[in-house]
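Architecture at a glance
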Amino acid sequence: AAGSALRVCFWRDAHGREVDFVIEQNARLRLVEAKWTALPGTGRDLNGLRHVLAHLGDRATPEHWLACRTPNEHLLPGTDNVRAINATNFTRWTT
């Protein structure tokens, strides 16, 4: 719910896989990768996110984000739950 406390951290394992932001709100976790590009891909950009997502189970939110310079939000090709969002819209991150 809007206004409820959230916790932001990052995740990295011993093999170097990482997720830039892990946002926890209402006991659910949203994964966010941050990239400079305006044209995000699905290859290496999402390796860490995919790895962590495979272990979250019911704690995962329905949608995860690749925060970048895209002018138009869209689901990334080949995914059903990773959306490219404009990184400058921080209010979107907390709702």
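Everything numeric here is computed off the predicted structure, so don't read it as measured data. (Residues numbered from 1 in each chain as written. Predicted model: local features only at pLDDT ≥ 70, side-chain atom pairs only at ≥ 80, totals over all residues. Heavy atoms only, no water.)

**As for the pattern of salt bridges**
A full pass over the atoms with the stated rule returns 6 salt bridges. Arg 12 serves as the salt-bridge partner of Glu 18, at 4.0 Å between the closest nitrogen and oxygen. You can call Arg 12 exposed: its relative accessible area is 56%. The structure contains a network of salt bridges with shared partners spanning Arg 7, Glu 24 and Arg 59. (Salt bridge = Lys/Arg side-chain N within 4 Å of Asp/Glu carboxyl O. Buried < 20%, exposed > 50% of the residue type's maximum accessible area, 1.4 Å probe, protein only.)

**Concerning the packing of aromatic side chains**
Taken as a whole and assessed by the stated rule, the structure comprises 0 aromatic pairs. The aromatic ring of Trp 65 is capped on one face by Arg 30, whose charged end is 4.0 Å from the ring centroid. (Phe/Tyr/Trp six-rings, centres within 6.5 Å; stacked < 30°, edge-to-face > 60°. Lys NZ or Arg CZ within 6 Å of the ring centre and 35° of its normal.)

**Observations concerning unusual backbone geometry**
Of note in the backbone geometry, Asn 26 takes a positive phi value of approximately 55° without being a glycine. Its location among the elements puts Asn 26 in the loop between strand S2 (18-25) and strand S3 (28-34). Positive phi outside glycine occurs at Ala 27, with the angle close to 65°. Take Ala 27: it is sitting in the loop between S2 and S3. (Helix = DSSP H or I, 4+ residues; strand = E, 2+ residues; numbered from the N terminus.)

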